[in-house]
Amino acid sequence: MAVRVHVAVVWSKDNTLIAIDQTLLELLRNMLALADRKASYKVPPTVVTGSTGVSRGEAHESSRGTETSRRAQKFDNTRNLDAFADLSLGPSDDEGDEDFADAPVIIREGIAGYASLAKQPEDLQPPEGQEQQMEDITRPKKKRNKIKRKRTKAKPSKWADKCMYAELLEMKEEPSVWVDGKSEPDDGLPSDMEQGWVAVAPVPVGKRCLAITHQSAAGVIGISPNTTLRSRLLGKMLLPRFPSSLPPLTILDCILDTNWRQNGIVHVLDVMKWKGQDVADCETPFRFWWRDTRLAELPRFSPPSSAFHFSLANDRAHAQSAQQPDQYRFPYPTSFIPIPYHTDTTFGSLFSSIIPLARSTREISVEVPASAPFQPSSPTSMSIDTTCNPIESRLSKLVTNQIPSDGLLLYVAQASYEEGTSPLSCWVPIQPIAGSSSQEGVPTTSNSSPLDLFQRLVHRRLSKRMVNGIIYDGMDM
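Predicted model only: the values in this text are computed from it and were never measured. (Residues numbered from 1 in each chain as written. Predicted model: local features only at pLDDT ≥ 70, side-chain atom pairs only at ≥ 80, totals over all residues. Heavy atoms only, no water.)

A.B. asks: Could you give me a rundown of the overall build of the protein chain, with the residues and numbers involved?
C.D. replies: The number of helices and strands found in the protein chain is 10 helices and 16 strands. Among the 477 residues that make up the protein chain, the fraction classed as buried is 31%. Long-range pairs, those at least 24 residues apart, make up 69% of the contacts in the protein chain with a sequence separation of at least 6. Of the roughly 32600 Å² of accessible surface on the protein chain, a fraction of 54% belongs to carbon and sulfur atoms. (Helix = DSSP H or I, 4+ residues; strand = E, 2+ residues; numbered from the N terminus. Buried < 20%, exposed > 50% of the residue type's maximum accessible area, 1.4 Å probe, protein only. Contact = heavy atoms within 4.5 Å. Areas by Shrake-Rupley, 256 points an atom, 1.4 Å probe, with all protein chains shown as cover.)

A.B. asks: Residue-level account of the pairing of strand 4 (residues 197–204), with values.
C.D. replies: For a regular strand, side-chain orientation follows a simple rule: the groups alternate between the two sheet faces. The buried count for strand 4 comes to 8 of 8 residues, which makes it a mostly enclosed element. Examined bridge by bridge, strand 4 and strand 15 (residues 405–412) share 6 bridges and lie antiparallel to one another. Of the residues in strand 15, the one forming a bridge with Pro204 is Ser405. Sheet analysis places strand 4 next to strand 12 (residues 341–342), joined by 2 bridges and oriented antiparallel. Residue pairing for strand 12: Ala199 is matched across the bridge by His342. (Pairing = 2+ DSSP bridges.)

A.B. asks: Quick rundown of the packing of aromatic side chains? Include the residues and the values.
C.D. replies: Using the criterion set out here, one finds 6 aromatic pairs in the structure. Ring geometry for Tyr328 and Phe330: centres 5.0 Å apart, planes at 80 degrees, overall edge-to-face. Accessibility expressed as a relative area gives 1% for Phe330, which makes it buried. Feature note: the residues Phe286, Trp289 and Trp290 constitute an aromatic cluster, connected by ring pairs. (Phe/Tyr/Trp six-rings, centres within 6.5 Å; stacked < 30°, edge-to-face > 60°.)

A.B. asks: Give me the nonpolar core: which residues, what numbers.
C.D. replies: Counting residues in each nonpolar core, the largest one holds 47 residues, and the members touching the most others are Leu408, Leu410 and Phe454. In this structure Phe454 touches Leu169, Met171, Leu189, Met193, Leu350, Ile355, Leu408, Leu410 and Val428, once residues within four positions along its chain are discounted. Within the second largest apolar cluster, 20 residues are counted, among which are Trp260, Val266, Trp290 and Tyr332. (Core = buried A, V, L, I, M, F, W, Y, C linked by side-chain atoms within 4.5 Å.)

A.B. asks: Tell me about the sheet that holds strand 3 (residues 164–168), residues and numbers included.
C.D. replies: Read across the open sheet, the 5 strands follow the order 3-16-15-4-12; overall the sheet is mixed. Among the strands making up the open sheet, the edge pair consists of strand 3 and strand 12. Pairing analysis gives 5 bridges linking strand 15 to strand 16 (residues 420–429), with the strands arranged antiparallel. Paired with Leu408 across the two strands is Val428, which belongs to strand 16. Lying on the sheet, helix 8 (residues 347–359) is in contact with strand 4, strand 12 and strand 15; it crosses strand 4 at an angle near 25 degrees. (Axes fitted to C-alpha atoms, helices over the stretch in contact; angles between N-to-C directions.)

A.B. asks: Give me the packing of helix 8 against helix 10 (residues 450–467): which residues, what numbers.
C.D. replies: Following both chains from N to C, one finds helix 8 and helix 10 inclined at 160 degrees, their axes separated by 9 Å at the closest point. As judged from the angle between their axes, helix 8 and helix 10 are roughly antiparallel. Relative to helix 10, the crossing made by helix 8 is left-handed. Between helix 8, through Phe347, Gly348, Leu350, Phe351, Ile355, Ala358 and Arg359, and helix 10, the contact on the second element is made entirely by Leu451, Asp452, Phe454, Gln455, Val458, His459, Arg461, Leu462 and Arg465. (Parallel < 35°, antiparallel > 145°, perpendicular 65-115°, else oblique. Left-handed = near helix turned anticlockwise from the far one by under 90°.)

A.B. asks: Before we move on, could you go through the pattern of salt bridges and cite the residues and values that matter?
C.D. replies: Going through the model one piece at a time under the given rule, you end up with 9 salt bridges. Two residues, Arg465 and Glu194, come together in a salt bridge whose shortest N-O distance is 2.9 Å. You can see Arg465 sitting in helix 10 and its partner Glu194 sitting in the loop between strand 3 and strand 4, a full 271 residues away along the chain. Classification of Arg465 by relative accessible area gives buried; the value is 16%. Between Asp292 and Arg291 there is a salt bridge, with its nearest N and O atoms 2.8 Å apart. For Asp292, a relative accessible area of 27% translates into the label partly exposed. Assessed through its relative accessible area of 1%, Arg291 is described here as buried. (Salt bridge = Lys/Arg side-chain N within 4 Å of Asp/Glu carboxyl O.)

Structure below.
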């Protein structure tokens, strides 16, 4: 359809264009807007964004950039370059003193030496009104009968929200969006999964906490109470201070086992500080290596006697021991067990070893006191009173405990420890999340598991590469 447009043009005396009719300008704007709509019609988006409107890849890149700049700034601060900015070497000995001969001499002294020269007049008296006012000020005021109680809010603990809490890995079962220029679908898996991540599996079921050791007055490791457990979110004390073999001034990111009364286990996930040395700024593989090496060097002590109890939980401990007299119950955690980590996160290794480990139940052997009382080997020997036998307290046995798995954790390899919820760590639980939904808005079923979806996506990537002729060694299909 042809459109006839009347254009009104105004020219100046020097043949220059001054104004154009507004109708033509509006028409041109509409035509450009229509062209842009046709160009973007039915074009799929290039990235999948989360609930905040930012894609996961952009969030990871932004976090890595911030992490790099923060580490560089901290490195510069440790060099103390600002302390040398105002320093001066003064005039050189090689230069002549002509320029400084006429310079004024500055006497750097205070005015304390001139205080004795100042004389105060003796007849100086304050006015009568001012004297009465001073007496009223210095006179003590009567206390009111009603005392107003100030409502003060409880200060948050300094250990609150100090753990590096992982975000839930958002995945898509059937990705419909393909990124331009890339051969892999945008299914939610990190693009650098095989090179830039570290896997931790199996993650045990338990309560996330911080294990903090203090400088004990007695200084006897394993005897004097020097360790406390703090909750992840509020930083509250989970247990009273108890003895452990950890060195002083140590902070560990841990998971308190759900059955710690039966096995006395605290699972160590990460390390923030060890014996006063800050390792939180180190990269993830080094922190995990440091954790395993230092925990293996700790001395082992015999399990505590069943007669030990906390003063705050005296009645509870006696009630439990009365109900089950034959079963030993740990009064406090005694074993700090590191959680296995895996630096090989290729799709073949994930599918063949890491994911099956995340599904399996881990077996850990701990030492507990022997429940049977000590008896002499010969029946004709003299009987021994076992009510208070020191030999019985030294007898122990190994008991194997079954530790159920809670899923899989993924850490960015070149990232330091970051407090609070961080996109540098992702969680793939083994149990379905209640109330969660997929990217398409369809709610998940009760039988679906994020770890199952993660395994299917990894298997899909492997199948596609096998079709293209890429075969991974050691993969068990």
